[in-house]
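Residue-level structure breakdown
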Amino acid sequence: LDAETMALEAPGNHKAELRLWLRMLTCTNLIEAEIRRRLRERFDVTLPRFDLMAQLDRAEGGMTLSEASRRMMVSNGNLTALVERLVASGHVARRTHQGDRRVQVVSLTPEGRRAFRQMAKAHEDWMAEIFAGLSAAGLDALMASLAEVKRSARLAIAGGPDSTAEEA
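Residues numbered from 1 in each chain as written. Predicted model: local features only at pLDDT ≥ 70, side-chain atom pairs only at ≥ 80, totals over all residues. Heavy atoms only, no water.

A few words now on the packing of helix α2 (residues 16-43) against helix α3 (residues 47-58). Two elements in contact, α2 and α3, have axes separated by 9 Å at closest approach and are oriented at 85 degrees. As the angle between them shows, α2 and α3 are arranged roughly perpendicular. Residue-level contacts link Glu-32, Ile-35, Arg-36 and Leu-39 of α2 to Leu-47, Pro-48 and Phe-50 of α3. Split by residue class, the contact of α2 with α3 holds 5 nonpolar, no polar and 2 charged. (Axes fitted to C-alpha atoms, helices over the stretch in contact; angles between N-to-C directions. Helix = DSSP H or I, 4+ residues; strand = E, 2+ residues; numbered from the N terminus. Parallel < 35°, antiparallel > 145°, perpendicular 65-115°, else oblique. Contact = heavy atoms within 4.5 Å. Nonpolar A, V, L, I, M, F, W, Y, C, P; charged D, E, K, R; others polar.)

See below:
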């Protein structure tokens, strides 16, 4: 049983917010596992490689390893391993930064951009398929609800509504 199911079996033992978190996490894990499977089977690529290629597709002139690491929220070491694999496959090119020879800039090669665009189209189709059971109104309502969740989380992370009173 997943954590959500266990929490639902004994709802009195868990606050609604915890049950909500577990539901969101279960949905995320289910969808992510399926996307990982499809990327691997159809394109022989991992989700982290796809994510890096997505970042590089948005950066026409490429980006430094530090910038990519920050955007992807992964360590430089993890990113370096991803870059090495994508360079080896011909999807990514690496060059030295003009202003600082110690800094590496990575960018998609033309082949990498073509391959990523194919993957991105398939990814978009997969998302449409996964959410096909929701009506347009349901999608809109879920987006609005998740926007509230995001605002609430950011407020809590920033210190909550009373944090400005405490700082004054």
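Having seen the structure, we can now continue with the description.
For the rest of this paragraph, the subject is the side chain of His-91. Of note, His-91 is situated in the loop between α5 (76-88) and β2 (92-96). Take His-91: its relative accessible area is 17%, and that puts it in the buried class. Here His-91 is in contact with Met-53, Leu-86, Ser-107, Leu-108, Thr-109, Glu-111, Gly-112 and Ala-115, once residues within four sequence places are set aside. (Buried < 20%, exposed > 50% of the residue type's maximum accessible area, 1.4 Å probe, protein only.)

So, on to the confidence of the model for the protein chain. On average, the protein chain scores 88 in pLDDT, and the residues at 70 or more come to 86%. Confidence scores differ between elements of the protein chain, with helix α8 (residues 163-167) showing the lowest mean pLDDT of 41 and helix α6 (residues 110-130) the highest of 97. In the predicted structure, residues 163-168 sits below a pLDDT of 50 and forms 1 contact with residues beyond four places in sequence or in another chain. (pLDDT = per-residue confidence, 0-100.)

A full pass over the atoms with the stated rule returns 2 aromatic pairs. Ring centres 6.3 Å apart and planes at 50 degrees place the aromatic pair Phe-43 and Trp-126 in the tilted group. With Phe-43 in helix α2 and Trp-126 in helix α6, this residue pair connects regions lying 83 residues apart in the sequence. Judged by relative accessible area, Phe-43 falls into the partly exposed class, the value being 21%. Ring centres 5.4 Å apart and planes at 40 degrees place the aromatic pair Phe-50 and Phe-116 in the tilted group. (Phe/Tyr/Trp six-rings, centres within 6.5 Å; stacked < 30°, edge-to-face > 60°.)

Turning our eyes to something else, we now look at helix α4 (residues 65-72). Looking at α4, one finds that the buried residues are Leu-65, Ala-68, Ser-69 and Met-72. Along the axis of α4, the buried residues cluster in a sector spanning 100 degrees; they form a single face. After α4 finishes, the residue Met-73 shows a positive phi value of roughly 60 degrees. (Arc of directions from axis to C-beta.)

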